[in-house]
Amino acid sequence: LLAIREVGRLVTSSSQIKEWIGQLSEPIERIWANYYSGERTVAFLEIERLTVSEHSNVALEQSFAALAMEVEADDALRRWIANSEQPQAKWDSILAALTRMLEANWRPSGEFLSRLFAQAPALTRWQASEALASKNLFRAACTLGESVPDALPASQACSAWIELARWWIALCELDEALGR
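Residues numbered from 1 in each chain as written. Predicted model: local features only at pLDDT ≥ 70, side-chain atom pairs only at ≥ 80, totals over all residues. Heavy atoms only, no water.

Looking only at helices and strands, the protein has twelve helices and zero strands in total. Along its sequence from the N terminus, the protein presents helices and strands in the succession α-α-α-α-α-α-α-α-α-α-α-α. Within the protein, counting contacts between residues at least 6 apart in sequence, those at least 24 apart form 55% of the total. Just so you have it, the protein exposes about 9,900 Å², and 52% of that area is on carbon and sulfur atoms. Averaged over its 17 positive side-chain charges, the protein has a centre that lies 2 Å from the centre of its 24 negative ones. (Helix = DSSP H or I, 4+ residues; strand = E, 2+ residues; numbered from the N terminus. Contact = heavy atoms within 4.5 Å. Areas by Shrake-Rupley, 256 points an atom, 1.4 Å probe, with all protein chains shown as cover. Lys, Arg positive; Asp, Glu negative; His and termini not counted. Charge placed at Lys NZ, Arg CZ, Asp CG, Glu CD.)

Here it is, written out as structure tokens:
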């Protein structure tokens, strides 16, 4: 992968880029070669195609999710979910990738997360909010999680409102905490 990344960066403006990519034997190698040589749209379309083929697996789906989140390609992720027969499985892959990326100190923008999770089920949005809060990304957690309690049964909504208030307090925004 390191060799593909370096060669990809070197051939970005070369006329031999297509020939080089054509010489790679594995689909995943071609995906990374396209990605690192600046052909991100081609890379996303190819990996998206692989994730819906018989060769797909959880690791591949999580890799796709991580790659798309890394470059804030929420449109590619939304399309991937919309075209799936099992959208919750795709959300699970996104959550797993998000958790791993946060463990590696990735710091996503709140706007990106709001766009990405706008159509996610309430529980999925809440799990993502909890993952953000666990890394002290309270503002992003509050932004993403503030619509969740309204979508939950009253018995669960109370706990979510209390947790949101804790996050607002951690941000020293007492008015927001009290307004919940």
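Now, onward.
Ranked by size, the top nonpolar core spans 59 residues in total, and within it M69, L77, I94, F117, L132 and W167 carry the most contacts. With residues near it in sequence (within four places) discarded, L132 still touches L102, P108, L113, L137, A140, A141 and L144. (Core = buried A, V, L, I, M, F, W, Y, C linked by side-chain atoms within 4.5 Å. Buried < 20%, exposed > 50% of the residue type's maximum accessible area, 1.4 Å probe, protein only.)

Under the 1.5 Å per step criterion, the end-to-end length of helix α9 (residues 122–134) is 18 Å for 13 residues, consistent within 8% with the ideal 18 Å. Buried within α9 we find A122, T124, R125, W126, A128, S129, A131, L132 and A133. Where α9 is buried, its residues contact α7 (87–103), α8 (110–117), α10 (138–145) and α11 (154–170). (Expected span 1.5 Å × (residues − 1).)

Bringing the packing of helix α4 (residues 40–51) against helix α5 (residues 58–70) into the picture now. One can describe the packing of α4 onto α5 by two numbers: an axis separation of 9 Å at closest approach and a directional angle of 155°. With respect to α5, the axis of α4 lies roughly antiparallel. Considering only the axes of α4 and α5, their crossing is left-handed. Mapping the contact onto sequence places F44, I47, E48, L50 and T51 in α4 and L60, E61, F64, L67 and A68 in α5. (Axes fitted to C-alpha atoms, helices over the stretch in contact; angles between N-to-C directions. Parallel < 35°, antiparallel > 145°, perpendicular 65-115°, else oblique. Left-handed = near helix turned anticlockwise from the far one by under 90°.)

Two side chains with opposite charge may pair up if their charged atoms get near one another. Summed over the entire model, instances satisfying the criterion amount to seven salt bridges. Between E46 and R49 there is a salt bridge; the shortest N-O distance is 2.3 Å. Of this pair, E46 and R49 both sit in helix α4, separated by three residues, roughly a single helical turn. Using a relative accessible area of 21% as the deciding quantity, one classes E46 as partly exposed. Judged by its relative accessible area of 44%, R49 falls in the partly exposed class. Note that E173 and R139 form a salt bridge whose closest N and O atoms lie 2.6 Å from each other. Of this pair, E173 sits in the loop between α11 and α12 (174–178) while R139 sits in helix α10, placing them 34 residues apart in sequence. Looking at R139, the relative accessible area reads 43%, which means it is partly exposed. (Salt bridge = Lys/Arg side-chain N within 4 Å of Asp/Glu carboxyl O.)

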